[in-house]
Amino acid sequence: MENGRDEFPFPYQPYNIQQQFMQALYSALDQGKVGIFESPTGTGKSLSLICGALSWLTDYEEKRKKEAAALLQEGERALVSSTAESSTTSSSTEPDWITDFVQKKAERDLVSKLKEEELKRKKREERLEMIRNNVQLKYAMKRKSCEDDEAEKLLKLSKEEQTETQGDREDEELIVAEYESDDESKTKTRFNVAEDDADDELVEEHVAKIYYCSRTHSQLAQFVHEVQKSPFSKDISLVTLGSRQNLCINEEVLRLGSIQRINDRCMEMQKNKHEKQHHEDGVKRKRGKAKSVCPYYKASAMQQMRDGILGSVHDIEQLLKLGRETHSCPYYSTRLAIPPAQLVVLPYQMVLHEATRKAAGIQLKGQVVIIDEAHNLSDTLSCIHTAELTGAQLCRAHSQLSQYADRYKSRLKAKNLMYIKQILFVIEGLVRVLGGKVGQNPHTQTTQTGTEMLTINNFLFKAQIDNINLFKLQKYFEKSLISRKLVSFVEKYAGSGVSLHTQSNSNKENRRTEGLNRYLQTLQSNQSASPVPSADQQGSAEAEKVLSASPMMQVEGFFMALTNSNTDGRVVVQRQGTLSDSSVKFLLLNPAVHFAQVLKECRAVIIAGGTMQPVSDFKQELLFSAGVGEERITEFSCGHVIPPENILPLVLCSGPSGQELDFTFQNRDSPRMMDETGRILSNICNVVPGGVVCFFPSYEYSRRIISHWEASGALTRLANKKKIFQEPKKANQVEQVLSEFSRCIQRCALDSSGLTGALLFSVVGGKMSEGINFSDDLGRCVVMVGMPYPNIKSPELQEKMSYLDKHLSHSGGRSPGQALIENLCMKAVNQSIGRAIRHRGDYSSMVLCDKRYSRPATLAKLPTWIKDRTSTHTTFGSAFAALRKVRSTLQSKPLYPDKLLFTCCLFIFLFLVLPGEEAEASVVST
């Protein structure tokens, strides 16, 4: 195994670059490296990852099995030989049995451990074999489950009882349990009793496994489909993880809509389930309103579903179907399947966020993690650990928690009241920083406008909360579940006619809540005055629903963010004129601090993507800063499978009239520059058939230049050649626009007269620059207008640049902050222009309209497969000639029958339903 592997199981004959990819991947996993793998879109990266990684896992398990057998045999021999020796020699000072015990204790322990591991492994393998082969048993269990459900329903109907009102006794589940001590080493408290109630027979030891994570559930589903097509589909134990919102099959819970409410309701039902079991064990139950429990949360059914998950490969849709068949919860069944699973497929956040990892039962120690679509890994880490609170949220959280404490103060223990008062004190400090006061309407409180950037320590001093131990508060949040209790409290009383703001005899209390009470009453009166809601009023209703929810979860997240190191983050205080619109935001400057634990615990980490350039800055910011040495890092980058002549990247330095293309902020709004851009597009549309996609650097510039073309008539001239589409403002309209764009191109291909295709205006970093695939005639040319640099005046970006300049070394005559700006720009460019080439037979042109693209340092940041074929043109004539030449050359190639129709159908079905850079593998295999 140390020498790698030459042959890999594959569903078809792999390309040479796929073979090289798998060999490099196998070697990186075997040597415990941190690998950066770049494989362009259309090269079958997903299948290469699957076959390379699972081949290593199979060999690794086989090697461990042989090593364990050899050790067991050696240990048994050592025991026999030591026994023989002890019979011939004896000590004069100690009894023989003591000497014998001391000599053989290590050997006995080793042999016992090896035998135990071998027995567990055999049981696991036998169980999986039984699950996969014993179909009759599966259906017998399913039938028994249905019979049990019917019996349970009949029993429930026969035992229905009258509910009694017991006042505050009904609120028992809302009361925070007693907080015994701050000492974390103390024996377990009432908070973690529920955690220990899990069924022991469902808990298993974690086997060697691979965690595969990507950005979206659709990309994960596409990966699972690739596993199903691979040679490992029958032998691998795979589990797909998701959120409750994605995996819940309880219609009553799903109707709640928001993720937070679904999570809270699920947790409440679990608690009711534990209480019900507790009462059935003989403890007398107070009569009161019957508490609902989830009918899908049953140990036997979940164990049955877990076995079904491990027996064959399922995507999320298939998991939901299996859950309904077995009448068990897919969310918890998948978590029970994590320990024995060999391949765990899950979203980014579940691996990169420590608290989420622990909650899901994910153990990274000694395992392999593959992070796909990792071109924005640094930004993803920063976003996951960023927390923001508005003044309205802070005031609402303070009011709700105050009412909670007032209502239950006679039933809360002293420690709980102390910590609740500390939370209220910190919230008051945060509101004070924004220039407001709690207990008053945040919408009517005015604040001075301005933005302030503070270190964590300075922010704590400014808010006058530096004397509060935030680490203890964080522990209290985790143990007491106060955020969830408050959510349940608010939900219970928000719509029941009971005011969210408790009335007090104290004039001070009345004054404190009077403003917010009036505000909520105003909202209610406004709602009742509109019996027939319009679209805008429905939006207001949604806003009010958000308003009534508890923001304490967000407050808890912000408190946790403030426990970061003073040097690793900043707090942005933004005052917007009113307290409700003002906000405090934690900005993570050093994402490596949270990635370091993943890198430290895992055996190997593979960071993969279609465009990983520029790698040097990626390593500096995320790996070296996390303590990873150069010797542990390995890199692999491959070319594309398309023939060289199928791609034509052009850097255009001037337009048809000779106008120099310089889309800097100072020049891009000039009428001459906008007119020249219109002429360039007009000429391109004359020679390029099918679809042309034009990317602008921002929404604002897109609006301005299109308005200019409308006034000058350039837009009309473009519309005479191709039908014009624009990126929609709403995300839910993207699918409709793309479908119409595709159908238009299809119609134009069949009708030789009139329009030659369609022109789509999009924005870099917008809804169509990532995850959308313009394959075949949908994207025969991609035009990039200008360079999409981020807003340099952004306080957050300036602080990030300042941090990098201070903590990272300078290289190549430029500061790390300047490098960050260039990298953000070119990453966005690479993602956008890579939309056009999706499979081996595809071809497209890429026109980069800006003379700054011709700089060697900028060209070096393009993907290798594009950079090596890029030509720079100082005049428009030579570039136009190259476009005409490539058109005549490629159009002379024989077309497959019904290729365009097939492409359009595949685009709508696959790329819209399952967007992602790996959808092209389906095209290749087809």
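Note that this is a predicted model, so its numbers are computed, not measured.

Draft legend 1. Structural context of the environment of K851. With respect to the element layout, K851 can be found in the loop between β17 (844-849) and α31 (856-859). Since its relative accessible area comes to 29%, K851 is described here as partly exposed. In this view, K851 contacts L652, C653, E660, L661 and D662; residues no more than four positions away in its chain are not counted. Looking at K851, its side chain comes within polar contact range of the side chain of E660, at 3.2 Å.

Draft legend 2. Focus on the packing of helix α9 (residues 299-311) against helix α10 (residues 316-326). Across the interface, α9 lies against α10 with an axial gap of 10 Å and an inter-helix angle of 140°. Between α9 and α10, the crossing angle belongs to the class labelled oblique. When you trace α9 past α10, the crossing you get is right-handed. Residues A301, Q304, M305, G308 and I309 of α9 lie in contact with α10, whose contacting residues are L319, L322, G323 and T326. Looking at the contact of α9 with α10, its residues break down into 5 nonpolar, 4 polar and no charged.

Draft legend 3. Spatial organisation of the nonpolar core. Ranked by size, the top nonpolar core spans 61 residues in total, and within it L377, F595 and I607 carry the most contacts. When residues no more than four places from it in sequence are discounted, the contact partners of F595 are L352, I371, L377, L381, V605, I607, L622 and L623. V176, L412, V431 and V438 belong to the second-largest nonpolar core, a separate cluster that totals 52 residues.

Draft legend 4. Structural detail: the pairing of strand β2 (residues 210-214). A large share of β2 lies buried, amounting to 5 of its 5 residues. Covered by surrounding structure in β2 are I210, Y212 and S214 together with Y211 and C213, the residues of both alternating faces. Bridging between β2 and strand β4 (residues 343-347) involves 5 bridges; their strand directions are parallel. By the bridge assignment for β4, C213 is matched with L346. As defined by bridge partners, β2 adjoins strand β5 (residues 368-371) across 4 bridges and the pair is classed as parallel. When the bridges of β5 are listed, Y212 appears paired with I370.

Draft legend 5. Quick peek at the sheet that holds strand β11 (residues 633-637). Spatial ordering of the open sheet is given by β3-β4-β2-β5-β10-β1-β11, a layout of 7 strands whose pairing is parallel. With partners counted over all chains shown, the strands left at the sheet margins are β3 (238-240) and β11, one partner each. Going across the sheet, the axis of each strand differs from the next one's by a mean of 15°, ignoring polarity. In the packing of helix α24 (residues 615-623) onto the sheet, the strands contacted are β1 (34-38), β10 (604-609) and β11, and the crossing angle to β1 comes to about 150°.

Draft legend 6. Spotlight on the packing of helix α14 (residues 377-384) against α24. Direction vectors running N to C along α14 and α24 enclose 30°, while the axes themselves pass 10 Å from each other. Viewed along their axes, α14 and α24 adopt a mutual orientation that is roughly parallel. In this structure, α14 contributes L377, S378 and L381 to the contact, and α24 contributes F618, E621 and L622.

Draft legend 7. Region of interest: the pattern of salt bridges. All chains considered together, the criterion is met by 19 salt bridges. Between E252 and R265 there is a salt bridge whose closest N-O contact spans 2.9 Å. Residue E252 is found in helix α7 (residues 251-254), and its partner R265 is found in helix α8 (residues 259-280); the two are separated by 13 residues along the sequence. Taking the relative accessible area as the measure of exposure, E252 reaches 35% and is therefore partly exposed. The buried category is assigned to R265, whose relative accessible area is 18%. Between K619 and E630 there is a salt bridge, with the nearest N and O atoms lying 3.6 Å from each other. On the criterion of sequence distance, the pair formed by K619 in helix α24 and E630 in the loop between α24 and β11 is long-range, its members being 11 residues apart. Looking at K619, the relative accessible area reads 10%, which means it is buried. Given the relative accessible area of 46%, E630 is considered partly exposed. Linked by salt bridges that have partners in common, D669, E700, R703 and R704 make up one network.

What counts, and at which threshold
- Residues numbered from 1 in each chain as written.
- Predicted model: local features only at pLDDT ≥ 70, side-chain atom pairs only at ≥ 80, totals over all residues.
- Heavy atoms only, no water.
- Helix = DSSP H or I, 4+ residues; strand = E, 2+ residues; numbered from the N terminus.
- Buried < 20%, exposed > 50% of the residue type's maximum accessible area, 1.4 Å probe, protein only.
- Contact = heavy atoms within 4.5 Å.
- Polar contact = N/O pair within 3.5 Å; in protein donor to acceptor, adjacent residues only side chain to side chain.
- Axes fitted to C-alpha atoms, helices over the stretch in contact; angles between N-to-C directions.
- Parallel < 35°, antiparallel > 145°, perpendicular 65-115°, else oblique.
- Left-handed = near helix turned anticlockwise from the far one by under 90°.
- Nonpolar A, V, L, I, M, F, W, Y, C, P; charged D, E, K, R; others polar.
- Core = buried A, V, L, I, M, F, W, Y, C linked by side-chain atoms within 4.5 Å.
- Pairing = 2+ DSSP bridges.
- Salt bridge = Lys/Arg side-chain N within 4 Å of Asp/Glu carboxyl O.

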